[in-house]
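# Residue-level structure breakdown
Take a look at the letters that make up each chain.
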Amino acid sequence: MRIRATVAAVSGALALSALVVPAAHAATSLVVPAAHAATSSGTPYTLDAGFSGVTIAKAIKVGTTNEVSTKYTYTLTHGAGVDIAAKDFYTDAFLYRGSFDDPSAELYGDDAATCTATSATTATCTGTIDIRPAGGDLTNAGAGSWKVAAEAIAFNGQDPNSPDMSKVGYKDQDGLGATLVQRYSKLTVDASPEPVYKGKTLTVTGKLSRANWEDHLYHGYSGQPVKLQFRKAGTSTYTTVKTVYSDSTGNLKTTATASYDGYWRYSFAGTSTTPAVSATGDYVDVK
């Protein structure tokens, strides 16, 4: 759902220059382009509503093609005169980067939040942020921290395509939290030779890569510290042997001494733009 495409200052007053509400929440898909908003009379009043208690995943991992949806919840507090059960009342949460008044990017869900009244003036609202990397929702520069905001609009029976804006209530609010939107990561490992004689040298190779949201492929993540770890057969815990760094194409290579049967893996702790990942252990039989 995209309510707040733009809320801009026009001649010193707020004007909704674009508004989108999905068909699932209206009799028809609702679109109010700038041309309609410019000719609509009045300006929207501030809706008697507020938002708090937002919960959302701490990190959203997005690959190259698959749509990713993440759930959010928040508490909507509203005045007694606001009918949140009305068919033309909509609310949702969204993510943005940059300043709230002039964001560099925004991410929304496909549908409005679903709200359940908990009292005459409060409700718990639940929805999703839906991200389509293959659809151009993200650029690589957008990896990292995003801020959380929420909004609500009440049309109060006005025709969305030609409303008297003075009878339409709108409220948005920032400062409700933050999350990370990260480029999905992959990590491989291969220890050789297999089998190996005790006390001999193993060569352990691998590659750390992450999603590129612009060409929709995976590319090596260079210059990153990655731990080489070992788990002895019959145990459940990996121990770090050493730390190596990925090269300019994300490749990893180092050596270790073979002492026991067990599993070798690489493990990456992650960054703000790229999630942590561990390779599936490669079993080596020691003779």
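In the block above lies the structure referred to throughout.
Heads up: these notes are all about the structure in this document. Keep in mind that what you see is a predicted model, and the values were worked out from it rather than measured.

## Observations concerning the overall build of the chain
For the chain, the count of helices and strands is 1 helix and 23 strands. Out of the 287 residues belonging to the chain, those deemed buried represent 45%. Considering only intrachain contacts with a sequence separation of at least 6, the fraction spanning at least 24 residues in the chain is 66%. Carbon and sulfur atoms make up 50% of the accessible area of the chain, which amounts to about 13500 Å² in all.

## Considerations on unusual backbone geometry
Along the chain, Ser192 connects to Pro193 via a cis peptide bond; the corresponding omega equals 5 degrees. Cis geometry is adopted by the peptide bond preceding Pro195, which originates at Glu194 and carries an omega value of -5 degrees. Note that Pro195 resides in the loop between strand 15 (185–192) and strand 16 (201–211). In this model, Asn156 sits at a positive phi of 55 degrees, which is unusual for a non-glycine residue. With respect to the helices and strands, Asn156 occurs in the loop between strand 12 (144–154) and strand 13 (169–173). The exposure class assigned to Asn156 is partly exposed, which follows from its relative accessible area of 43%. Notably, His216 is not glycine yet its phi reads approximately 60 degrees, a positive angle. Inspection of the secondary structure puts His216 in the loop between strand 16 and strand 17 (218–220).

## Structural notes on the state of the cysteines
Joining two cysteines, a disulfide is a covalent bond between their sulfur atoms. Here the structure, examined in full by the defined rule, presents 1 disulfide. Across the disulfide from Cys115 sits Cys125; the S-S distance is 2.1 Å. Residues Cys115 and Cys125 are joined through a disulfide that is right-handed, its torsion about the S-S bond being 110 degrees. Residue Cys115 is found in strand 10 (residues 114–117), and its partner Cys125 is found in strand 11 (residues 122–131); the two are separated by 10 residues along the sequence. By relative accessible area, which is 0% here, Cys125 ends up buried.

## A short note on the pairing of strand 6 (residues 59–62)
Of the two faces of strand 6, the one holding Ile60 and Val62 is buried and the one holding Ala59 and Lys61 is not buried anywhere. Strand direction decides the pairing type here: strand 6 and strand 14 (residues 178–183), joined by 4 bridges, are parallel. The residue bridging Ala59 from the neighbouring strand is Leu180, located in strand 14.

## Some points on the nonpolar core
Grouped together as the largest cluster of nonpolar side chains are 33 residues, with contacts concentrated most on Tyr74, Leu95 and Val181. Elements with a minimum of two residues in this core: strand 5 (49–56), strand 6, strand 7 (68–78), strand 8 (89–98), strand 11 and strand 12. No other element matches strand 12, which puts 5 residues into this core. With 22 residues, the next largest nonpolar core counts Leu187, Leu208, Val226 and Val286 among its residues.

## A look at the sheet that holds strand 5
One open sheet holds the 4 strands; their spatial order is 5-7-11-10, and the pairing between them is antiparallel. Both outer strands of the open sheet, strand 5 and strand 10, are each paired with one neighbouring strand and no more. Adjacent strand axes in the sheet meet at a mean angle of 25 degrees, parallel and antiparallel pairs treated alike. Sheet topology places strand 7 next to strand 11; 10 bridges connect them, and they run antiparallel. When the sheet's bridge partners are listed, Tyr74 is paired in strand 11 with Cys125.

## Side note on the environment of Tyr45
Within the fold, Tyr45 resides in strand 4 (residues 45–46). Beyond its immediate sequence surroundings of up to four residues, Tyr45 is in contact with Asn156, Met165, Ser166, Lys167, Val168, Gly169 and Tyr170.

## A word on the environment of Thr118
Looking at the element boundaries, Thr118 is found in the loop between strand 10 and strand 11. Using a relative accessible area of 52% as the deciding quantity, one classes Thr118 as exposed. When the C-alpha positions of Thr118 and Thr77 are compared, they lie 9.9 Å apart, and in sequence the two are 41 residues distant. Leave out the neighbours within four places in its chain, and Thr118 touches Ala123 and Thr124. Within polar-contact distance, the side chain of Thr118 engages the side chain of Thr122 at 2.7 Å.

## Some words on the pattern of salt bridges
A complete count under the given rule lists 3 salt bridges for this structure. Between Glu67 and Arg132 there is a salt bridge, with the nearest N and O atoms lying 3.4 Å from each other. Residue Glu67 is located in the loop between strand 6 and strand 7, and its partner Arg132 is located in the loop between strand 11 and strand 12; the two are separated by 65 residues in the primary sequence. Looking at Glu67, the relative accessible area reads 40%, which means it is partly exposed. A salt bridge links Asp285 to Lys287; the shortest N-O distance between them is 3.2 Å. Overall, the relative accessible area of 27% leaves Asp285 in the partly exposed class. Take Lys287: its relative accessible area is 54%, and that puts it in the exposed class.

The rules behind these values
- Residues numbered from 1 in each chain as written.
- Predicted model: local features only at pLDDT ≥ 70, side-chain atom pairs only at ≥ 80, totals over all residues.
- Heavy atoms only, no water.
- Helix = DSSP H or I, 4+ residues; strand = E, 2+ residues; numbered from the N terminus.
- Buried < 20%, exposed > 50% of the residue type's maximum accessible area, 1.4 Å probe, protein only.
- Contact = heavy atoms within 4.5 Å.
- Areas by Shrake-Rupley, 256 points an atom, 1.4 Å probe, with all protein chains shown as cover.
- Disulfide = S-S within 2.5 Å.
- Pairing = 2+ DSSP bridges.
- Core = buried A, V, L, I, M, F, W, Y, C linked by side-chain atoms within 4.5 Å.
- Axes fitted to C-alpha atoms, helices over the stretch in contact; angles between N-to-C directions.
- Polar contact = N/O pair within 3.5 Å; in protein donor to acceptor, adjacent residues only side chain to side chain.
- Salt bridge = Lys/Arg side-chain N within 4 Å of Asp/Glu carboxyl O.

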